[in-house]
Amino acid sequence: MAGTTIYSAKTILTMNPARPRATHVAVREGRILGAGTLEELAGWGDYTLDERFADKVLMPGLVEGHAHTSEGSLWRYTYLGWFDRMDPAGKTWDGLKTIDAVLERLREAEGQLSGDTPLCGWGLDPIYMDNQRVNRQHLDQVSATRPIGVMHASGHILNVNTKALELAGLMKPGVNHPGIPLGPDGYPTGELKGPDVMTPVGPHVGFDRSLMDCDEMGLRDFAKLCVRTGVTTVTDLASRLEPETVEMMLRVTGEETYPARVVPLRFFLGLPPKELVAEVVRLKALATDRCRLGRIKVVADGSIQGFSARLKWPGYYNGAPNGLWYVAPEQMAEIYERALEAGVQVHTHTNGDQATELALDMLAPALMKHPSRDHRFTLQHCQLADAAQFRRMKALGMCVNLFANHHYYWGDEHYRLTVGPERATRMNACRTALEQGVPMTIHSDAPVTPLGPLFTAWAAVNRITASGRVQGEHERIGVDDALWAVTMGAAYTLHLDGEVGSIETGKRADFAVLEQDPTTVEPMALKDVPVWGTVQGGRVFAASAI
Amino acid sequence: MSALPVTVIGGYLGAGKTTLVNHLLRHAGGRRLAVLVNEFGTLPIDADLIEAEGDTLISIAGGCVCCSFGNDLTAALMQMRQLDPRPDHVLIESSGVAIPGSIMATAALLAEVRCDGVVVLADAGDIRRAFDDPYIGDTIARQLAQADIVILNKMDLAPEPPETLTAWVAAQAPGAAVVPCRDAQVPAEVVIGLGPHPVEAHAHAHDHADGLFESIVLTPAASEDAAGLARQIATGPYGVVRAKGWLRTPEGMALIQVAGRQGTATPASPESREGLVCIGLKGQLDIAALHALAARETASG
Ligand SMILES: [Zn+2]
C-alpha cells in the first residue's frame, strides 16, 4: 500500500463547511484522506508526519477560472507596465511611471540583443501617465535600426518604431485606416490600434505567433507563476488547440514535475458548430488529470475599454458607437444547442450587457430543446450585467466569472469615460451574483492583469480602483465569500468541485501554502499574504525552488 | 507585377454570400479567382467545383483556389500574391457579423493590393426585420453604409413592392449602387468588375442569359480630367454599376474604374486600348446621357 503523509500546519482552511478548520491533513496517492487532528488521521494507519508546514497556513489549491497560459510566453519580452509585477523566476519588476523610464528599460534590453533580433515590450499602460502618447520617434531613440514593438496592457494597441513600419511597408504618407493614426507629417505615428492592424506588423517586431496559443516554454513558465501565486488548477481560456499544441500540452503537463492542472478551452472559431462540438468531444477523450480538455470558449463581443463591447441602451458614456459582435446570434444558438446535446460545456465571453443578454436569449430556447440539468454554461467577464440578468442566469442554471481585477485596474476609466458613474459603480457585481444565487467566481484574465487569486479576492472584497477610490461599496463581498470564489466557486464553473476546491476526504491533495491566515489579516492586506508555494496532487512545490 | 484586385463580399448570414461566390466561380469568364473565407462556417464551395483539397488550399475548376484567412488576412493576401500562377482577382468572403469596409481597409494596407470594391449582399425577404433587430440591426446598417455595391438578393421573397424596397435600401447605402436580383444571379462583371479586356467582355455581354443588365462602350478620345470623369460616371444619374476602360489625358493614358459610387483614374500603359465600358441595370443605364457626357469630354479634351 502506498504511504500516507500527514502534514501539520498552523491552521488549515478547508472550505468544507462541516469542518472549516483543521490542524492536520493526511495525503495518500496524491489525494486527501482527511483533514482533522493528528489523532483522528492516525486512524488511517501507518503514516509519516511531515512538519515542514508547521508554521504555515494551508488552504485549498487556488483555482483560476479565467487566465491564458500565454502569460508565460510574454515574460520573454520586456515588461513595461505601470504596476510592479512578478515574473516566472520570482523577480519583481518595478512599475514604470514615466515614458522616459519605459525608454530606459527598453534601452537596457536592447543592449543585450544581438544581430537584428526585434525588441519586444509589453504591459505599457499610458492611461496612468495622463494618456501620454508613445510614438515612433520615442522608440527610435532606443534604436533606429532594430524593429521595436511595445504591446499595451489592454492588448488592443501596439506601438512600433520607424524601422518596424518600414519593414511592414507602412512607412509612407497617405495610409488610410482608422486603426493607424497619422502624425502632422502625414506618416503613421507608430500607434497601431486593434488586431486588424497589429497582426500585419506583429511578425516584424517579434510578436510572430498568436498570443492566444501557448508554446512549450510559455507553458512551463506559466506553471511557475501558478506555484508563486498558490494556484493548482488554471484555465487556458481560449486556445485554438491545434494538434501539435494538444500533443505538447499533454506531454508537458504529464511530466512528473509539472505543478499545475491546466484546463484548456477550445476557441470556437475555425470550425462550423457541428464539427466544433465533435472536435471537442474528441479532445475530451484525450484529457488527463493535469490537462482537462473538452470545453468550448465562445467570444460574443469585444472589450469595454476598447469600445468594442456590445452595450444595451444608452450605450457608451462618451457617445462612442456600439461595439462589435464576434459571433452571429444564429451561430451562438447553434453552438449552444449542439454542445448541450453532446454534454460539452461552453464558456462565453460577454463584456457588455447586450452581449450577456444575447447569451441568455440564445441559451433559453436551446435548453428547451436539450434540457440539461447540470450544464453550468458560464459567462466570462460579464462585467456589465444588471440584477435582472443575474436572475435570468440563475433561472437558466448558468455560472458567472466576474472580472474583479479589471475593476481595480480600469475602474476609474469606466467611471470617467466608457460607461459612466452609475454603471461603473455596479460593474462586476459580485454581491448581486451571490444574492441572486448565481454560482460565481472571479478572475485575473492573465496576462491582461497579473495572475494572483488572493489579489483578485482582495479586489472583490475592497472594490478599490487604481486611483484609490472605493467604487461600488454595495457590490463588495466578504473575505470568506471571496476565498470561496477562488476555490470552490471556480471549481464549480469547471465541473471540478467534486475533485478540487476544498480540503476534504477524497479530493486531490492540492493546497496553497501561505505564510499568513488570509481570514485574519486586514481585508486590505489580503493581496499581500505571502505565498510559500503549493502542493499539487500530493507533490510539494516551493516557490523558492522552482 | 501589377496590383492584385480585391473585392470584399459581405452581408449577414443567409443573404447569399456563398451562393454568389459559387456563381462567380462558375462564370469567372477565364479569370482565375482566389476566394478567401473567414474561418467560421462550412466549406463555401460547391462539391462539383472542387478539384483537390490540400491542407490550406482548395483547388477549384478553372484554376481558381479557396483558402481560409483565419485571423491574418494580410498573410493570406501575401500568400495569394505568391501563388504560381497568380490569381487574377481575390474575393474575400467576410463573416456575417464582420464589417466589410474594415476588412477592405486592412487589405488596402498592402501596397500590392488594389481595392476593387465592397460588395454587400442583403436578403430582400428579411432585411427590414434584420435592420430593426436589436442585436444585429446596427451591424447590418454599418455593412450597408460602407458598401460600393449592394446586391439585394432574393427579390422573389420581398414582402413589398420591389421599387419601394430598392429605394429604401439605396437610402441606407448612400455610397452604393443597388442591384436587385434572385438566387445571387448577377454577372461577374457587376460583382468583381470587368476583367483585363473590358471591351472584348462587352462584346460577349449579351451571353448573359438573365438579360437584366446591359452595357455600352464609350469612346471619349481624350479627357482633361480623367479622375473627374470617373467620379461623374460613378456619382451622376447614369445608372452605372461598374465601368472600366482607358482614355487619353494630357499626362498619357489613364485607366478609369467605377464600382458603385466610387470612381478612380490611374495612369496606364501607352498601349492601352481606348474605350470605356459601362454596365448598369437595363432600364436604369442612361445610355443617351452617357454618350452626351463622353461627347462633352471629347470636345473639351
Ligand atoms: Zn480572456
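For every chain, the first residue of its written sequence is number 1, and the numbers climb from 1 along that sequence. Just so you know, chain letters begin at A and ligand numbers begin at 1, following the order they were written in. At least 70 in pLDDT is required for a residue's local features to be given in this predicted model, at least 80 for side-chain atom pairs to be given and counted, and no such filter applies to totals for whole chains, interfaces and linings, which use all residues. The basis for the side-chain values is all heavy atoms of the structure; hydrogens and waters are excluded.

## Thoughts on the pairing of strand 16 (residues 295–299) of chain A
Residues and elements named next belong to chain A.
Right, so step 1: Relative accessibility thresholds used throughout: buried, under 20% of the residue-type maximum; exposed, over 50%; partly exposed, between the two (1.4 Å probe, protein chains only). Only runs of H or I of at least four residues qualify as helices and only runs of E of at least two qualify as strands under DSSP, and these elements are numbered from the N terminus. The buried fraction of strand 16 amounts to five of the five residues, a majority that puts the element mostly inside the structure.
Right, so step 2: Residues of strand 16 alternate between two faces, with R295, K297 and V299 on one and I296 and V298 on the opposite face, all of them buried.
Right, so step 3: A crossover gets the label right-handed when its path from the first strand over the helix to the second runs clockwise, viewed with the strands pointing away from the viewer. In this region the chain leaves strand 15 (residues 261–267), passes through helix 9 (residues 273–286) and returns to the parallel neighbour strand 16; the handedness of that crossover is right-handed.
Right, so step 4: One bridge is not enough; two strands pair if DSSP finds at least two bridges between them. With five bridges joining them, strand 16 and strand 17 (residues 345–350) adopt parallel strand pairing. Directly across from I296, in strand 17, lies its bridge partner V346.
Right, so step 5: For the segment spanning strand 16, helix 10 (residues 329–342) and strand 17, crossover handedness is right-handed.

## Comments concerning helix 2 (residues 73–82) of chain B
Residue and element names in this part refer to chain B.
Right, so step 1: For helix 2, the full list of buried residues reads L73, T74, A76, L77, M80 and R81. Across the axial projection of helix 2, the buried residues extend over an arc of 165 degrees, all falling on one side.
Right, so step 2: The term polar contact refers here to a pair of N or O atoms within 3.5 Å; inside protein, the definition further demands a hydrogen-donor-capable atom paired with an acceptor-capable atom, and it admits residues adjacent in sequence only when both atoms are side-chain atoms. Capping the start of helix 2 is the job of one residue whose side-chain oxygen sits 3.4 Å from the backbone nitrogen of T74: D72. Taken from the helix axis, the directions to the C-beta atoms give the arc we talk about.

## Looking at the sheet that holds strand 3 (residues 50–53) of chain B
All names here are of chain B.
Right, so step 1: With respect to topology, nine strands assemble into an open sheet ordered 3-4-5-2-6-1-7-8-9, the strand pairing being mixed. The two strands at the open ends of the sheet, each matched to only one other strand, are strand 3 and strand 9 (177–180). For this sheet, the mean angle separating the axes of adjacent strands, direction not counted, is 20 degrees.
Right, so step 2: Note: strand 8 (residues 149–153) against strand 9, four bridges, orientation parallel. Bridging across to strand 9, I149 finds its partner in A177. Angular values range over 0 to 180 degrees, each being the angle between N-to-C directions of two axes fitted as lines to C-alpha atoms, with helices fitted over their stretch in contact.

## Re the environment of R146 of chain A
All names here are of chain A.
Right, so step 1: Summarising the element assignment, R146 is placed in the loop between helix 4 (136–140) and strand 11 (148–152).
Right, so step 2: In sequence terms R146 and V461 are 315 residues apart; their C-alpha atoms lie 45 Å from each other.
Right, so step 3: Residue contacts are counted whenever heavy atoms from the two residues lie within 4.5 Å of one another. Residue contacts for R146: discarding those within four places in its chain leaves E110, L113, S114, G115, D116, T117, P118, L119, N161 and K163.
Right, so step 4: Reaching out from R146, the side chain makes a polar contact with the side chain of E110 at a distance of 2.8 Å.

## Some points on the sheet that holds strand 14 (residues 275–281) of chain B
Residues and elements named next belong to chain B.
Right, so step 1: If you trace the five strands from one edge of the open sheet to the other, you get 10-14-11-12-13, paired in antiparallel fashion. Each end of this open sheet is capped by a strand with a single partner; those strands are strand 10 (213–218) and strand 13 (262–267). Put simply, the sheet's adjacent strands are angled 15 degrees from each other on average, direction ignored.
Right, so step 2: When strand 12 (residues 252–259) meets strand 13, the two strands line up antiparallel, connected through six bridges. Directly across from A259, in strand 13, lies its bridge partner Q262.
Right, so step 3: Each of strand 11 (240–249), strand 12, strand 13 and strand 14 touches helix 9 (residues 226–235); the most contacted strand, strand 13, lies at about 155 degrees to it.

## Side note on the pairing of strand 14 of chain B
Residue and element names in this part refer to chain B.
Right, so step 1: Counted residue by residue, strand 14 has seven buried out of seven residues, so it is predominantly covered.
Right, so step 2: Where strand 10 meets strand 14, six bridges bridge the pair, whose relative direction is antiparallel. Looking across to strand 14, one finds that L218 is bridged to L276.
Right, so step 3: In the sheet, strand 11 pairs with strand 14 via six bridges, with the strands oriented antiparallel. Within the sheet, the bridge partner assigned to V240 lies in strand 14 and is G280.

## A look at the domain arrangement of chain B
All names here are of chain B.
Right, so step 1: What fixes the domain bounds is an automatic or database domain assignment. For chain B, the domain assignment lists domain 1 (4–207) and domain 2 (211–300).
Right, so step 2: A straight line from the C-alpha centre of domain 1 to that of domain 2 covers 23 Å.
Right, so step 3: The interface of domain 1 with domain 2 comprises 28 residues on the first partner and 21 residues on the second.
Right, so step 4: Taken over both partners, the interface formed by domain 1 and domain 2 buries close to 1,900 Å², and the fraction arising from carbon and sulfur atoms is 65%.
Right, so step 5: Joining two parts hides part of their accessible area as seen by a 1.4 Å probe, and the buried area is that hidden amount summed over both. For domain 1, the biggest contributors to the area lost against domain 2 are L194, V199 and H202; these three give 29% of the whole.
Right, so step 6: When a carboxyl oxygen of Asp or Glu is within 4 Å of a side-chain nitrogen of Lys or Arg, the pair counts as a salt bridge. On inspection of domain 1 and its partner domain 2, the count reaches one salt bridge.
Right, so step 7: Across the pair D116 and R242 runs a salt bridge whose closest N-O atoms are separated by 2.8 Å.
Right, so step 8: Where domain 1 packs against domain 2, one counts six residue pairs in polar contact (both at pLDDT 80 or more).
Right, so step 9: Elements represented by at least two residues in the side of domain 1 that touches domain 2 include exactly strand 7 (113–123), strand 9, helix 7 (188–191) and helix 8 (198–203).
Right, so step 10: Its residues assigned to classes, the side of domain 1 that touches domain 2 comprises 17 nonpolar, six polar and five charged. Throughout, the ten residues Ala, Val, Leu, Ile, Met, Phe, Trp, Tyr, Cys and Pro are labelled nonpolar, Asp, Glu, Lys and Arg are labelled charged, and all others, Gly among them, are labelled polar.

## Points about the side chain of S444 of chain A
Right, so step 1: With respect to the helices and strands, the residue S444 of chain A is situated in the loop between strand 20 (440–442) and helix 16 (453–462).
Right, so step 2: Among the polar contacts listed, one links the side chain of S444 of chain A to the side chain of E64 of chain A, at a separation of 2.9 Å.

## A look at the packing of aromatic side chains
Residues and elements named next belong to chain A.
Right, so step 1: Under the pairing criterion, centres of Phe, Tyr and Trp rings, with the six-membered ring standing for Trp, must be within 6.5 Å; the plane angle then separates stacked pairs below 30 degrees from edge-to-face pairs above 60, leaving the rest tilted. As enumerated under the stated definition, the model contains 21 aromatic pairs over all chains in all.
Right, so step 2: Taking the centre distance of 5.2 Å and the plane angle of 75 degrees together, the rings of F267 and F268 count as edge-to-face. Here F267 matches F268 in class, with each residue buried.
Right, so step 3: Between Y409 and W410, the aromatic rings sit 6.1 Å apart at their centres with planes inclined by 50 degrees, giving tilted as the arrangement. In terms of burial, Y409 and W410 fall into one category: buried.
Right, so step 4: Cluster of aromatic residues (ring-pair linked, three or more members): W82, F83, Y128, Y408, Y409, W410, F455 and W458.

## Points about empty space enclosed by the protein
All names here are of chain A.
Right, so step 1: In this analysis, the protein atoms alone were mapped onto a 1 Å grid. Cavities are point sets where a 1.4 Å probe fits without being able to get out; pockets are open sets with protein on both sides within 12 Å along at least five of seven lines; lining residues have an atom within 4 Å of a point. Grid points are joined across faces, edges and corners, and a volume is the space filled by probe spheres set on the points. A full pass over the atoms with the stated rule returns two cavities of 30 Å³ or more.
Right, so step 2: Lining the largest cavity are 16 residues, with F83, R85, A153, Y409 and V448 sitting closest to its centre.
Right, so step 3: Those elements giving two or more residues to the lining of the largest cavity turn out to be strand 10 (119–124) and helix 13 (404–418).
Right, so step 4: Of the pockets and cavities examined, the second largest cavity occupies roughly 40 Å³.
Right, so step 5: Lining the second largest cavity are A404, H407, N428, C430, A459, A460, R463 and E475.
Right, so step 6: Mapped by element, the contributors of at least two residues to the lining of the second largest cavity are helix 13 and helix 16.
Right, so step 7: Among the residues making up the lining of the second largest cavity, the classes are represented as four nonpolar, two polar and two charged.

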